[in-house]
Amino acid sequence: MTVPDHLADGLIMFRALAPKIWFKGADINVYHHHYFQMLSELDPMATWKKLHDLAGDHEPVLLCWEKPPFDECNFCHRRLVAQWFENELGAIVPEWRPEEI
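Quick caveat: nothing in here was measured; it's all calculated off a predicted structure. All chains use their own residue numbering, which begins from 1 and follows the written sequence. Two thresholds apply to this predicted model, a pLDDT of at least 70 for residue-level local features and 80 or more for giving and counting side-chain atom pairs, whereas whole-chain, interface and lining totals are computed over all residues. Hydrogens and waters are ignored; side-chain quantities use all the structure's heavy atoms.

Colleague: Residue-level account of the overall build of the protein chain, with values.
Modeller: Helix and strand labels come from DSSP, where a helix needs a run of H or I of at least four residues and a strand needs a run of E of at least two; each type is numbered from the N terminus. Each helix and strand in the protein chain was counted, giving three helices and zero strands. Mapped from its N terminus to its C terminus, the protein chain presents α and β elements in the order α-α-α. In this scheme, a residue with accessible area under 20% of its type's maximum is buried, one over 50% is exposed, and one in between is partly exposed, where area comes from a 1.4 Å probe on protein chains only. When the 101 residues of the protein chain are sorted by exposure, 25% land in the buried category. The contact definition used throughout considers only heavy atoms, calling two residues in contact when any of these lie within 4.5 Å. Partitioning the contacts of the protein chain with sequence separation of at least 6, the portion at a separation of at least 24 is 48%. Accessible area of the protein chain: about 7,600 Å², with a carbon and sulfur share of 57%. Per-residue accessibility takes into account occlusion by the displayed protein chains alone, with areas from the Shrake-Rupley method and a 1.4 Å probe.

And the structure:
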């Protein structure tokens, strides 16, 4: 089954940041290794600009489909992308915390 680029409710999947098949069953160290290797093949500024272009007049939001709490067995790639943008571009990618609303 292929996943469309445009999902319901205006959501857009940015496939360049989607984990590959190795993410299933990988422990956190293997996952991080493979994911950061994947990110190293991308241009962080071009990726940042593309996400902003896709968002149009809105601020892009990185979504995670994993259910918190996150730990050594339950983790996601969204925060890794945020960390990559912070390290490579100095961009601040804040966490959304509904309890702070």
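Colleague: Give me a nonpolar patch on the surface: which residues, what numbers.
Modeller: On the surface, a cluster of nonpolar side chains totalling about 440 Å² of accessible area is made up of Leu11, Val61, Leu63 and Trp65. Within the secondary structure, tryptophan 65 is located in the loop between helix H2 (44-55) and helix H3 (78-89). Residue tryptophan 65 is classed as exposed on the basis of its relative accessible area, which comes to 66%. Surface patches are defined over residues having more than 30% relative accessible area and no salt bridge, joining like charges when they lie within 9 Å and nonpolar side chains (Val, Leu, Ile, Met, Phe, Trp, Tyr) when within 5 Å. Think of a salt bridge as a Lys or Arg side-chain nitrogen and an Asp or Glu carboxyl oxygen that are within 4 Å of each other.

Colleague: For the packing of aromatic side chains, give the residues involved together with the corresponding values.
Modeller: Think of it this way: a Phe, Tyr or Trp ring, Trp meaning its six-membered ring, pairs with another when their centres are within 6.5 Å, and the plane angle makes it stacked under 30 degrees, edge-to-face over 60, tilted otherwise. For the structure on display, the rule yields three aromatic pairs. Between tryptophan 48 and phenylalanine 85 the ring centres are 5.0 Å apart and the planes differ by 80 degrees, which places this aromatic pair in the edge-to-face class. With tryptophan 48 in helix H2 and phenylalanine 85 in helix H3, this residue pair connects regions lying 37 residues apart in the sequence. A relative accessible area of 22% places tryptophan 48 in the partly exposed class. Consider the rings of tryptophan 84 and phenylalanine 85, whose centres lie 5.2 Å apart with planes at 35 degrees: the pair is tilted. Tryptophan 84 gets classed as buried once you look at its relative accessible area, which sits at 6%. An aromatic cluster is present here, built from Trp48, Trp84 and Phe85 joined pairwise through their rings.

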